[in-house]
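The chain contents come next:
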Amino acid sequence: MESAFAFIGQFFTWLGAFVPRWCILDTTRGAIKYKYGQPVFCAPGKIHFYWPLVTEWDSYPMARQTDRLETQTMETTDGVTFIVAGTITYSVTDLMALLTTTHHAAQAVIELAASAMHDVCCDYQWTELQQEQRKGTLKTKLKNEAQRQLRDYGVNVLKLQLTSLAKCRVHRVCQSIANEET
């Protein structure tokens, strides 16, 4: 009896693909609908219709959002090892560029921002890096580099700032499995 109900459920799911659907996007989200595989931008704050039989739907936040950048270990030009972590605040200005060129949009933004953080911080000696941080000019340089790297993806970087900056020591533990003779 359960298999008969399962079949009926699958039938109505299949039948539902022939019925157009609607979606209301709030003012913070945009969407891309792939109609016959071709991307079409759907603006925030509007009602959009799509036909599930030939359309895939992908929505994404376009409003201001903040992501944490994981801690990285780096080395300055004078050989000082340090750790750095940060946050990026951004908004999406071109959703079509972001969603159609990346597999996982949020992860792509985080990785490119971390790359920008690395590129800027590794160009200094330790004392210069600390001075730039104290003066507040490091934030501007980080933001500009992140904006340069994310521009092609339709992302507007509002802020990239460090949450941690400290000297450290790195110890790598190498393990090897030795053949034991008994």
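Residues numbered from 1 in each chain as written. Predicted model: local features only at pLDDT ≥ 70, side-chain atom pairs only at ≥ 80, totals over all residues. Heavy atoms only, no water.

A. Up close: the packing of aromatic side chains. Taken as a whole and judged by the stated rule, the model has two aromatic pairs. Aromatic side chains Y50 and W57 sit 5.0 Å apart centroid to centroid with 20 degrees between the ring planes, which places their arrangement in the stacked category. In this structure W57 comes out as partly exposed when scored by relative accessible area, which is 22%. Seen from their ring centres, F82 and W126 are 5.7 Å apart, and the 45 degrees between their planes marks the pair as tilted. Taken together, the residues F82 in strand 7 (residues 81-92) and W126 in helix 4 (residues 126-135) connect sequence positions 44 residues apart. Each member of the pair, F82 as well as W126, carries the same accessibility label: buried. (Phe/Tyr/Trp six-rings, centres within 6.5 Å; stacked < 30°, edge-to-face > 60°. Buried < 20%, exposed > 50% of the residue type's maximum accessible area, 1.4 Å probe, protein only. Helix = DSSP H or I, 4+ residues; strand = E, 2+ residues; numbered from the N terminus.)

B. Spotlight on the sheet that holds strand 2 (residues 29-35). Strands sit in the order 3-2-5 across an open sheet of three strands; the sheet is antiparallel. Two strands close off the open sheet at either side, each with one partner strand: strand 3 (38-42) and strand 5 (55-61). Direction aside, neighbouring strands of the sheet carry axes that sit 25 degrees apart on average. Pairing of strand 2 with strand 3 involves five bridges; the strand directions are antiparallel. Residue I32 lies in a different strand from strand 3, and its bridge partner there is F41. (Pairing = 2+ DSSP bridges. Axes fitted to C-alpha atoms, helices over the stretch in contact; angles between N-to-C directions.)

C. Expanded view of helix 5 (residues 137-150). The end-to-end C-alpha separation of helix 5 is 20 Å, in line with the 20 Å expected for 14 residues at 1.5 Å each. Considered for burial, the residues of helix 5 that qualify are L138, L142, E145, A146, Q147, Q149 and L150. Packed against the buried residues of helix 5 are strand 7, helix 3 (105-121), helix 4 and strand 8 (155-167). (Expected span 1.5 Å × (residues − 1). Contact = heavy atoms within 4.5 Å.)

D. Main features of the packing of helix 4 against helix 5. Remark: helix 4 packs on helix 5, axes separated minimally by 5 Å, with the N-to-C direction vectors making an angle of 95 degrees. The angle between helix 4 and helix 5 falls in the class roughly perpendicular. Taken together, the residues of helix 5 that come into contact with helix 4 (itself represented by L129, E132, Q133 and K135) are T137, L138 and K141. Residue composition of the contact of helix 4 with helix 5, by class: two nonpolar, two polar and three charged. (Parallel < 35°, antiparallel > 145°, perpendicular 65-115°, else oblique. Nonpolar A, V, L, I, M, F, W, Y, C, P; charged D, E, K, R; others polar.)

E. Representation of the pattern of salt bridges in the model. A full pass over the atoms with the stated rule returns three salt bridges. Residue K135 pairs with E132 through a salt bridge whose shortest N-O separation is 3.8 Å. In this pair, K135 and E132 both sit in helix 4, three residues apart, roughly one turn of the helix. Given the relative accessible area of 59%, K135 is considered exposed. Among the residues examined, E132 registers a relative accessible area of 11% and is labelled buried. Two residues, K141 and E132, come together in a salt bridge whose shortest N-O distance is 3.2 Å. Of the residues examined, K141 reaches a relative accessible area of 35% and is grouped as partly exposed. (Salt bridge = Lys/Arg side-chain N within 4 Å of Asp/Glu carboxyl O.)

F. Inspection of the nonpolar core at higher detail. In terms of nonpolar packing, the biggest core is built from 34 residues, with Y60, I88, C121 and L142 touching the most fellow members. If you list the elements that add at least two residues to this core, you get strand 6 (65-75), strand 7, helix 2 (95-101), helix 3, helix 4, helix 5 and strand 8. Considering each element in turn, this core owes the most residues, eight residues, to helix 3. If sequence neighbours within four positions are ignored, I88 has contacts with Q65, T66, D67, L69, V109, A113, L150, V157, K159 and L160. If you look at the next biggest cluster of nonpolar residues, it comprises five residues, including C23, A31, C42 and Y50. (Core = buried A, V, L, I, M, F, W, Y, C linked by side-chain atoms within 4.5 Å.)

G. Local environment of the sheet that holds strand 6. Read across the open sheet, the three strands follow the order 6-7-8; overall the sheet is antiparallel. Each edge of the sheet is formed by a strand with only one pairing partner; in this case those strands are strand 6 and strand 8. With strand direction ignored, the average angle separating the axes of adjacent strands in the sheet is 20 degrees. With nine bridges connecting them, strand 6 and strand 7 associate as antiparallel partners. Paired with E75 across the two strands is T81, which belongs to strand 7. On the sheet, helix 3 packs against strand 6, strand 7 and strand 8 and is oriented at approximately 40 degrees with respect to strand 6. Against the sheet, helix 4 contacts strand 7 and strand 8, and its axis sits at roughly 125 degrees relative to strand 8.

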